[in-house]
Amino acid sequence: MSSANVTIVLGTQFGDEGKGKLVDILTESADVCARSAGGNNAGHTIVANGITYDFHLLPSGLVNPKTVNLIGTGVVVHVPSLFSELEALHAKGLNTDGRLFVSSRAHIVLDLHQFVDKLSEVALGKAKVGTTGKGIGPSYSTKAARTGLRIDQLKPETWVNFERHFRQLVANYRQQYGSLLDSYDEEGELKKLKELAPRIKPLVVDAVAWINEQTKQKKEILVEGANALMLDLDYGTYPYVTSSSASIGGAFTGLAISPFSIKKIVGVAKAYLSRVGNGPMPTEQLNEIGDYLQSKGREVGVTTGRKRRCGWLDLVMLKHSTLVNHYTSLNFTKLDVLDDLKEIKAAVAYRLPNGEVSEIFPTNTEDLDVIEPIYKTFPGWQKDTTVCTKYDELPVEAKEYIKFIEEFLGVKIESVGCGPSRENIIFR
Ligand SMILES: Nc1nc2c(ncn2[C@@H]2O[C@H](COP(=O)(O)OP(=O)(O)OP(=O)(O)O)[C@@H](O)[C@H]2O)c(=O)[nH]1
Ligand SMILES: O=P(O)(O)OC[C@H]1O[C@@H](n2cnc3c(O)ncnc32)[C@H](O)[C@@H]1O
Ligand SMILES: N[C@@H](CC(=O)O)C(=O)O
Ligand SMILES: [Mg+2]
């Protein structure tokens, strides 16, 4: 049996909880940072040493010069974006040489998938998911349909085979979409991938052997979850979800880590709630509170630039998230965003249309449109928490808010974020 060398960081809500910042901090004591699922739909902003970095597909561990990074099997990779993101990091002075590896079994996202992503959204009309348009759903769909292309196939020495599979995939889509795909540039995409094949080759590893070797060498592994539980394909607000396993399960299928190697499962939870894209959000505040949270929290999508919808913390949802992901502790982020508020609310139950009160998160997403959140109101602290460096320095009202959440969820809040930079975090 392997020793406990793996820490998993997961989003507890709808994403953008601040996972990137925590991962960056935790990589100081990690040898390896590995992404297990999702693709360049994710977007984290990390502020380190006065420089702001935007990450999408690449693991956030690249900020730490000592950390080696893996894009795992469960991730879907848009190869041109991988290189443009790397180039953007290099332009900011980061050296990534020898520190990035990609699983040979990871699936490729084609421009074609992105094209189809946009067509599918148009077809859905008002019911559209509000995807990031990065081809994530179509790529996981071709993976499940067994017609997808894997990173391992993108090799100069077996180019003929890659081209054959690629053309078959395009033909399948053309059959389905007809003239809607007329403006898709098949030859252009193939040419670009042929150029990139020799560049990706040195990064490709058999990630099963690779991760097991890291464990054998007793390396500390940090798993960087992307997206979040409420966007998970199985446990999120289906169909308003992403197409991968953003839950704890995705860490295992996406990385081949041993279940016996888990030391900690850290859930990252924002002190309020945000969502980008469509789908239900019972505690959304379409009023001055929502506007305040959006602007004070700078809630703008890192990938698409869309304004994030904002509202109060939803503890019914967070409890559901906890029951699926089994967090061993929480990182509670963006507490400082609540600093100016006179009072703060959190949903503790839902009132159903028949008047019943429920603490259970419903399976049917449409039920979320008709429930009414029941709130507990907390007094605000109206003090600046960005100056706090120790837990005891936090205002008493903030500590009461935190204590209630811990008791409601039965999970300890181990760290609290009080500002965007690395320094603005309090470990208890
Ligand atoms: N004010 C404040 N900002 C924070 C804190 N922690 C993180 N942030 C910022 O909040 C934002 C979090 O959003 P993202 O970077 O998209 O979060 P993420 O969870 O890494 O993103 P996804 O993988 O896309 O879900 C970033 O701009 C962070 O710099 C905090 O405690 N206070
Ligand atoms: O993953 P796709 O299919 O592009 O979008 C589905 C759904 O998920 C939301 N989403 C995806 N990635 C993120 C992320 O990193 N933070 C927040 N929300 C994300 C997207 O907005 C759609 O609602
Ligand atoms: N991942 C993105 C999603 C988007 O940009 O729409 C974000 O940071 O919000
Ligand atoms: Mg984000």
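These numbers come from a predicted model, not from an experiment.

S.K.: Tell me about the coordination of the magnesium ion (ligand 4), residues and numbers included.
M.R.: For the magnesium ion (ligand 4), the protein coordination sphere consists of Asp16 (OD) and Gly43 (O), at 1.9 to 2.0 Å. Each of the six donor atoms around the magnesium ion (ligand 4) contributes to a set of angles spanning 66 to 176°, which defines the coordination as irregular. A residue pair is termed long-range when its members are at least 10 positions apart, and Asp16 in the loop between strand 1 (6-11) and helix 1 (19-26) and Gly43 in the loop between strand 2 (32-35) and strand 3 (44-48) qualify at 27 residues. Judged by relative accessible area, Gly43 falls into the buried class, the value being 15%.

S.K.: An account of the nonpolar core is requested, with residue identities and associated values reported.
M.R.: Core analysis: the biggest nonpolar cluster contains 68 residues, and Phe332, Leu335 and Tyr401 have the highest contact counts within it. Ranked by residue count, the leading element in this core is helix 12 (residues 396-409), at six residues. If near-sequence neighbours (up to four positions away) are discounted, Tyr401 is found in contact with Ala271, Leu313, Phe332, Leu335, Leu338, Ile344, Lys345, Ala346, Phe378 and Trp381. In terms of nonpolar packing, the next biggest core, distinct from the first, is built from 43 residues, Leu58, Leu62, Leu190 and Ala197 among them.

S.K.: Hey, could you go over the UniProt feature "active site" (unreviewed entry) in the protein for me, with residue numbers and the actual values?
M.R.: What UniProt calls "active site" (unreviewed entry) maps, in this numbering, to Asp16, His44 and Lys143. Judged by maximum C-alpha separation, these annotated positions cover 128 residues in sequence and are scattered in space, the widest gap reaching 26.1 Å. Those residues in contact with Asp16 that lie beyond four places of it in its chain are Gly43, Lys270, Ser274, Val276 and Arg308. Here His44 is to be found in strand 3.

What counts as what
Residues numbered from 1 in each chain as written. Chains lettered and ligands numbered in written order. Predicted model: local features only at pLDDT ≥ 70, side-chain atom pairs only at ≥ 80, totals over all residues. Heavy atoms only, no water. Donors = N, O, S within 2.8 Å, 3.2 Å for Na, K, Ca; no water. Tetrahedral: all angles 85-135°; square planar, octahedral: opposite > 155°, others 65-115°. Helix = DSSP H or I, 4+ residues; strand = E, 2+ residues; numbered from the N terminus. Buried < 20%, exposed > 50% of the residue type's maximum accessible area, 1.4 Å probe, protein only. Core = buried A, V, L, I, M, F, W, Y, C linked by side-chain atoms within 4.5 Å. Contact = heavy atoms within 4.5 Å. UniProt positions renumbered as here; feature names shortened; annotations may be inferred.

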